[in-house]
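Commentary on secondary and tertiary structure
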Amino acid sequence: MEILNTSGRRKTSVARIYLSAGQGNITINDRDIKAYFPSEVLQTIVNQPLKTLDAVGKYDVKVNVRGGGTSGQAEAIRLAIAKALIAENAEARPALKKEGFLTRDPRMVERKKFGKRKARRSFQFSKR
């Protein structure tokens, strides 16, 4: 198996991954997954596509991720891994689609408008 290169996005996070056959090592920005995501919840989010296909120890994943916060980065990595697994094996698509790992979450922070305090919040109205 050659090295597969895919990307995933969530909020303002962008993750580029390189998937290759290996022992199951996940390296994020040249650090181990346990060092980069100390939270167990974020580690499980990253591993969800691999667990769905029972491929936890079969692939090495090298990740470059930037932007956003930790949860956005974890979900961007999850999307990229799911895309790479489909590129490697097209029969995996229905299982990953059913779990919702192929949907890019489009929700982002709304920009602030001029004449407003925040994106939608106005200044306090004063009659006099």
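This one's a predicted model, so the numbers in the text were calculated from it and none came from an experiment.

In this model, Asn29 sits at a positive phi of 50°, which is unusual for a non-glycine residue. Here Asn29 shows up in the loop between β3 (26-28) and β4 (31-32).

A word on the pattern of salt bridges. Tallied over the entire structure, the rule returns five salt bridges. The closest approach of N and O atoms between Arg10 and Glu75, which form a salt bridge, is 2.9 Å. One end of the pair, Arg10, is in strand β1 (residues 4-10); the other, Glu75, is in helix α3 (residues 70-88), with 65 residues separating them in the sequence. Judged by relative accessible area, which is 23%, Glu75 ranks as partly exposed. When the shortest N-O distance is used, the salt bridge between Arg10 and Asp105 registers 3.3 Å. Residue Arg10 is found in strand β1, and its partner Asp105 is found in the segment after α4 (93-99); the two are separated by 95 residues along the sequence. Both residues of the pair, Arg10 and Asp105, count as buried. Via salt bridges that share partners, Arg10, Glu75, Asp105 and Arg107 belong to a single interconnected network.

A few words now on the side chain of Arg78. Structurally, Arg78 is set in helix α3. Look at Arg78: it is buried, it has no salt bridge, and the nearest opposite charge is Glu75 at 4.2 Å.

This part is about the environment of Ala74. Here Ala74 lies in helix α3. Separated by 60 residues in sequence, Ala74 and Val14 place their C-alpha atoms 10.0 Å apart. Residue contacts for Ala74: discarding those within four places in its chain leaves Phe37, Leu42, Ile45 and Val46.

What follows concerns the packing of aromatic side chains. For the structure shown, the criterion picks out one aromatic pair. Ring geometry for Tyr36 versus Phe37: centroids 5.0 Å apart, planes at 80°, classification edge-to-face. Each member of the pair, Tyr36 as well as Phe37, is classed as buried.

Glancing now at the sheet that holds β3. Read across the sheet, five strands follow the order β1-β2-β5-β3-β4 without closing on themselves; strand pairing throughout is mixed. What marks the edges here is a single partner per strand, and that holds for β1 and β4. By the bridge criterion, two bridges tie β3 to β4 in an arrangement that is antiparallel. Residue Ile28 lies in a different strand from β4, and its bridge partner there is Arg31. Each of β1, β2 (13-21), β3 and β5 (59-66) is contacted by α3, which is oriented at about 145° to β1, the strand it contacts most.

Rules used throughout
Residues numbered from 1 in each chain as written. Predicted model: local features only at pLDDT ≥ 70, side-chain atom pairs only at ≥ 80, totals over all residues. Heavy atoms only, no water. Helix = DSSP H or I, 4+ residues; strand = E, 2+ residues; numbered from the N terminus. Salt bridge = Lys/Arg side-chain N within 4 Å of Asp/Glu carboxyl O. Buried < 20%, exposed > 50% of the residue type's maximum accessible area, 1.4 Å probe, protein only. Lys, Arg positive; Asp, Glu negative; His and termini not counted. Contact = heavy atoms within 4.5 Å. Phe/Tyr/Trp six-rings, centres within 6.5 Å; stacked < 30°, edge-to-face > 60°. Pairing = 2+ DSSP bridges. Axes fitted to C-alpha atoms, helices over the stretch in contact; angles between N-to-C directions.

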